Amino acid sequence: MKKLSSWLKEHKITEVEAVIADFTGIARGKIMPSSKFIAEKGIRLPEDILIQGVTGDYVDDDLYPQLMNAAEIDMVLRPDESAVHKVPWALEPTALVIHDCYNKQGNLIDIAPRTVLKNVLALYKAKGWTPVVAPELEFYLTERTANPDYPLRPPVGRSGRAESGRQSYSIDAVNEYDPLFEDVYDWCEEQGLDVDTLTHEAGTAQMEINFRHGDALSLADQIFIFKRTVREAALKHNIDATFMAKPISGEPGSSMHLHQSILDRQGRNIFSDEDGKPTKMLYHYVGGLQKHVSEAMPLFAPNVNSYRRFLRDTSAPVNLAWGIDNRTVSLRIPGSSGTNLRVENRLAGADANPYLAFAASLLCGYLGMIGEIEPAPAVTGSAFEDSNDKRLPLNLEEALALMEQSDILKETLGTMFVRSYVEVKRAEYQNFKEVISSWERKYLQRTV
């Protein structure tokens, strides 16, 4: 804490947000004066906050004691001194400090999303490997609305008009929201977020931010913070930003593509040989992803809405195919060579918890490498037309059933994590099923 205390004093921080990420990726924690934070020497939160669903509800009372201590015990939060960031939009000097979750015995709590990623990275470390990742995150800008029953619409830009059609890679369309993105870039720089390219994606008022490649845990932290940063910048300019996987009917979904490569102890990319050509390790990594991503699908597509993205002819992969420089596959090898050889996992939605999506992708690839799993033949044409009968689970219920039955995920991520995650998502799904949609009222009210 000495290093952190000095940093807080040096930057004249008066308020601290002590946060963790739950299963959904929601920031939960406490806000307090920095003097109290320094004196506290360990923030405490109820352990069951980790299994709170996106609706704020918990699992059924009958299941709760099987997942959590009936006494509703506290966990101890310890700050990660490498995960301290200013909060540029706060009214007074404020810092956000990401914490890890420990039990009273001083052990990391296995079901905490940040711990899940740390445990996967420990598997790599034991082999002398270091994953390098580079996420690409998409999101929509929309008009603000207080009524969730209203369809989302593109916001008005500087010209006084909203986009009326898709503007892929349009510079002028991005410039419509220049004041907002100036704030985003300024705030990212102040927080130490390593963002790179901004582009306009295929959807109306849909944007994409690319992050520079780097350490997996650090970049998961950065995406966790970045989502909040974009929402705050949007609010400042009286619009909304959403990372829903499919926020608008008839528009493309929003993804979080994840580029991955692996370095050995000498810092060499194990996916590339001395001549810059792909190695067996790269193919085994792809093979592991092909074999195991279906079981881990709820970590890439965690919500009911996530599966609305996986529709044919909507730019999202609906297959387990791989190919070189092929954007129709779920597992793409971008056209590159040598140190830049990497695998791009195109499955994860923008709504995925970055800690869990990173952990799942890296774990599947790891299992492929240690198991020397051979991939299916590469697809050279359109994977949308591929006749391979292997497919992804295309709804949350099917995906949760596969995850629940996965022995390898229980073995590597922990039985309690798998069970807790599945039950929380099932509780959310049950909540969703209780809502009557406008489609049902429109087509069934007067016809059945």
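Everything discussed here concerns the structure shown above.
Thresholds applied
Residues numbered from 1 in each chain as written. Predicted model: local features only at pLDDT ≥ 70, side-chain atom pairs only at ≥ 80, totals over all residues. Heavy atoms only, no water. Helix = DSSP H or I, 4+ residues; strand = E, 2+ residues; numbered from the N terminus. Contact = heavy atoms within 4.5 Å. Expected span 1.5 Å × (residues − 1). Buried < 20%, exposed > 50% of the residue type's maximum accessible area, 1.4 Å probe, protein only. Phe/Tyr/Trp six-rings, centres within 6.5 Å; stacked < 30°, edge-to-face > 60°. Pairing = 2+ DSSP bridges. Axes fitted to C-alpha atoms, helices over the stretch in contact; angles between N-to-C directions. Parallel < 35°, antiparallel > 145°, perpendicular 65-115°, else oblique. Left-handed = near helix turned anticlockwise from the far one by under 90°. Nonpolar A, V, L, I, M, F, W, Y, C, P; charged D, E, K, R; others polar.

**Thoughts on the environment of R327**
Turning to step 1, where the next piece is worked out: Tracing the sequence through the fold places R327 in the loop between β12 (322-324) and β13 (331-333).
Turning to step 2, where the next piece is worked out: A sequence separation of 276 residues divides R327 from I51, and the C-alpha atoms of the two residues are 35 Å apart.
Turning to step 3, where the next piece is worked out: Apart from the residues lying within four places of it in its own chain, the contact partners of R327 are R332 and R346.

**Some details on helix α13 (residues 415-433)**
A turn of α-helix holds 3.6 residues, and therefore any two residues three or four places apart point the same way.
Turning to step 1, where the next piece is worked out: For α13, built from 19 residues, the straight-helix expectation of 27 Å at 1.5 Å per residue is met to within 8% by its first-to-last C-alpha distance of 27 Å.
Turning to step 2, where the next piece is worked out: Along α13, the residues classified as buried are F417, V418, S420, Y421, V422, E423, V424, K425, E428 and Y429.

**What to know about the packing of aromatic side chains**
Turning to step 1, where the next piece is worked out: Per the counting criterion, the structure on display carries 16 aromatic pairs.
Turning to step 2, where the next piece is worked out: With centroids separated by 6.3 Å and ring planes inclined at 75°, the aromatic side chains of W129 and Y366 adopt a geometry described as edge-to-face. Placement of W129 in the loop between α4 (113-126) and β6 (130-142) and of Y366 in helix α10 (residues 354-371) is noted, with a sequence separation of 237 residues between them.
Turning to step 3, where the next piece is worked out: Residue Y366 is classed as buried on the basis of its relative accessible area of 9%.
Turning to step 4, where the next piece is worked out: Pairwise contacts between aromatic rings join F139, F211, F226 and F243 into one cluster.

**Considering the pairing of β6**
Turning to step 1, where the next piece is worked out: Taken across its 13 residues, β6 has twelve buried, putting it largely inside the fold.
Turning to step 2, where the next piece is worked out: The sheet contact formed by β6 and strand β11 (residues 256-263) spans eight bridges and is antiparallel. Bridge assignment links A134 to a residue of β11, and that residue is H259.
Turning to step 3, where the next piece is worked out: Here two bridges tie β6 to strand β9 (residues 214-215), and the two strands are oriented antiparallel to one another. Directly across from V132, in β9, lies its bridge partner D215.
Turning to step 4, where the next piece is worked out: Inspection of the sheet shows β6 paired to strand β8 (residues 206-211) by five bridges, in the antiparallel sense.

**Some remarks on the packing of α4 against helix α7 (residues 216-236)**
Turning to step 1, where the next piece is worked out: Where α4 contacts α7, the axes come no closer than 10 Å and their chain directions differ by 160°. It follows that α4 is roughly antiparallel to α7 by the angle criterion. Classified by chirality, the crossing of α7 by α4 is right-handed. Here R114, L117, K118 and L121 of α4 lie close against α7, whose contacting residues are A216, L217, A220 and D221.
Turning to step 2, where the next piece is worked out: Classifying every residue of the contact of α4 with α7 by side-chain character gives five nonpolar, no polar and three charged.

These figures come from the coordinates and say nothing about function on their own.
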